[in-house]
Amino acid sequence: MLREQEDEFWMQQAIEEARKAEQIGEVPIGAIVVKDHQIIGRGYNLRETQHDPTAHAEMVAIRDACKELDAWRLLDCTLYVTLEPCPMCAGAIVQSRVKRVVYGTGDPKAGCAGTLMNLLQEPRFNHETELTSGVLQQECATMLTQFFRKLRRKNI
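All values derive from a computational prediction rather than experimental measurement.

Asker: When you look at the pairing of strand S2 (residues 38–44) in this model, what are you seeing that I'm missing?
Answerer: In the case of a regular strand, side chains alternate between the two sheet surfaces. Relative to S2, strand S1 (residues 30–35) runs antiparallel, the two sharing 6 bridges. The residue bridging isoleucine 32 from the neighbouring strand is arginine 42, located in S2. What sits between S1 and S2 in their antiparallel hairpin is a turn of 2 residues, with aspartate 36 showing a positive phi close to 50°.

Asker: Got a minute to help me understand the UniProt feature "binding site: Zn(2+)" (unreviewed entry) in the chain in this structure?
Answerer: According to UniProt, the positions carrying the feature "binding site: Zn(2+)" (unreviewed entry) are His56, Cys86 and Cys89. Annotated residues spanning 34 residues; largest pairwise C-alpha distance 9.2 Å, indicating a single compact cluster. Every residue in contact with cysteine 86, bar those within four places of it in the chain, is listed here: His56, Glu58, Ala110 and Cys112. Considering the arrangement of structural elements, one finds cysteine 89 in helix H4 (residues 87–95). Judged by its relative accessible area of 0%, cysteine 89 falls in the buried class. Beyond its immediate sequence surroundings of up to four residues, cysteine 89 is in contact with His56, Glu58 and Met59.

Asker: It is not clear to me how the packing of helix H1 (residues 3–23) against helix H5 (residues 137–154) should be interpreted in this structure. Could you clarify?
Answerer: The angle between the axes and the distance between the axes are what describe a pair of packed helices. Running from N to C, H1 and H5 point in directions that differ by 10°, and their axes come no closer than 11 Å. Accordingly, the angle class assigned to the pair H1 and H5 is roughly parallel. From H1, Met11, Gln12, Ile15, Ala18, Arg19 and Glu22 reach across to H5, where they touch Glu139, Cys140, Met143, Phe147 and Lys150. Its residues assigned to classes, the contact of H1 with H5 comprises 6 nonpolar, 1 polar and 4 charged.

Asker: What should I look at first to understand the nonpolar core in this one?
Answerer: Burial of nonpolar side chains together is a common tendency in soluble globular proteins. Ile29, Val33, Ile62, Leu74, Leu79, Ile93 and Leu120 are the most contacted members of the largest nonpolar core, which totals 31 residues. Counting residues per element, the ones that place at least two in this core are S1, helix H3 (57–69), strand S3 (78–83), H4, strand S4 (100–105) and H5. The biggest single contributor to this core is H3, with 6 residues. Counting 12 residues, the second-largest nonpolar core is a separate cluster that includes Trp10, Ile15, Ala18 and Cys140.

Asker: Looking at this structure, how should I read the pattern of salt bridges?
Answerer: Where side chains of opposite charge bring their charged atoms close, a pairing between them can arise. For the structure shown, the criterion picks out 7 salt bridges. Residue aspartate 7 is joined to arginine 100 by a salt bridge in which the shortest nitrogen-to-oxygen separation is 2.6 Å. With aspartate 7 in helix H1 and arginine 100 in strand S4, this residue pair connects regions lying 93 residues apart in the sequence. On the accessibility criterion, aspartate 7 (4% relative accessible area) is buried. When salt bridges with common partners are traced through the structure, they connect Glu16, Arg19 and Glu139 into a single cluster.

Asker: It is not clear to me how the side chain of threonine 78 should be interpreted in this structure. Could you clarify?
Answerer: Within the fold, threonine 78 resides in strand S3. Contacts of threonine 78, omitting those with residues within four sequence positions, involve Ile32, Val33, Val34, Arg100 and Val102.

Asker: Sorry if this is basic, but what is going on with unusual backbone geometry here?
Answerer: Negative phi is the rule for most residues except glycine; trans is the rule for most peptide bonds. A positive phi angle is found at aspartate 76, which is not glycine, with a value near 60°. Its place among the elements puts aspartate 76 in the loop between H3 and S3. Despite not being glycine, leucine 136 shows a phi value in the positive range, around 55°. You can see leucine 136 is positioned in the loop between strand S5 (130–133) and H5.

Asker: Where do I start with H5 in this structure?
Answerer: Owing to its 3.6 residues per turn, the α-helix aligns residues three or four sequence positions apart on the same side. Here H5 is 18 residues long and its end C-alpha atoms lie 26 Å apart, about the 26 Å a rise of 1.5 Å per residue gives. Residues of H5 that are buried: Cys140, Ala141, Met143, Leu144 and Phe147. Buried residues of H5, viewed axially, fall in a sector of 155°; they line one side. Exposed and oriented more than 90 degrees from the buried face of H5 are Gln138, Lys150, Arg152 and Arg153. In this fold, the buried residues of H5 make contact with H1, S3 and S4.

Rules behind the numbers
- Residues numbered from 1 in each chain as written.
- Predicted model: local features only at pLDDT ≥ 70, side-chain atom pairs only at ≥ 80, totals over all residues.
- Heavy atoms only, no water.
- Pairing = 2+ DSSP bridges.
- Helix = DSSP H or I, 4+ residues; strand = E, 2+ residues; numbered from the N terminus.
- UniProt positions renumbered as here; feature names shortened; annotations may be inferred.
- Contact = heavy atoms within 4.5 Å.
- Buried < 20%, exposed > 50% of the residue type's maximum accessible area, 1.4 Å probe, protein only.
- Axes fitted to C-alpha atoms, helices over the stretch in contact; angles between N-to-C directions.
- Parallel < 35°, antiparallel > 145°, perpendicular 65-115°, else oblique.
- Nonpolar A, V, L, I, M, F, W, Y, C, P; charged D, E, K, R; others polar.
- Core = buried A, V, L, I, M, F, W, Y, C linked by side-chain atoms within 4.5 Å.
- Salt bridge = Lys/Arg side-chain N within 4 Å of Asp/Glu carboxyl O.
- Expected span 1.5 Å × (residues − 1).
- Arc of directions from axis to C-beta.

Listed below in structure tokens is the structure:
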């Protein structure tokens, strides 16, 4: 399978996680961690449900993957996430030594994988992450846009 096709396949899995968030009223952001063609970590946004500002999809998926591997280093792992990582998540990605990040749509308000800054490829850190952006971008962006549109209508 070509890398582009593989990225789209795995991003679909991250989108499924995002749908789980949406079903419980959370912002639809999903993430998975893949190692050796297997999902070893899954997560979706749980900030409202858990009353936890760190319960972003990436953080949940990273914690899940670390438990699965019984290690804090996610060497040779790829993290797929529907929305560009924020500063907190980018920091966790660097700290956990994720090899590669693939994200769907950019985040103009908090994106730290190229939009506002690129913490994932900051040469002053002891680890840099490979980065691919825009995988299934339209699908990821549309899911977020529709969620916030419904939320605004509901709050009017």
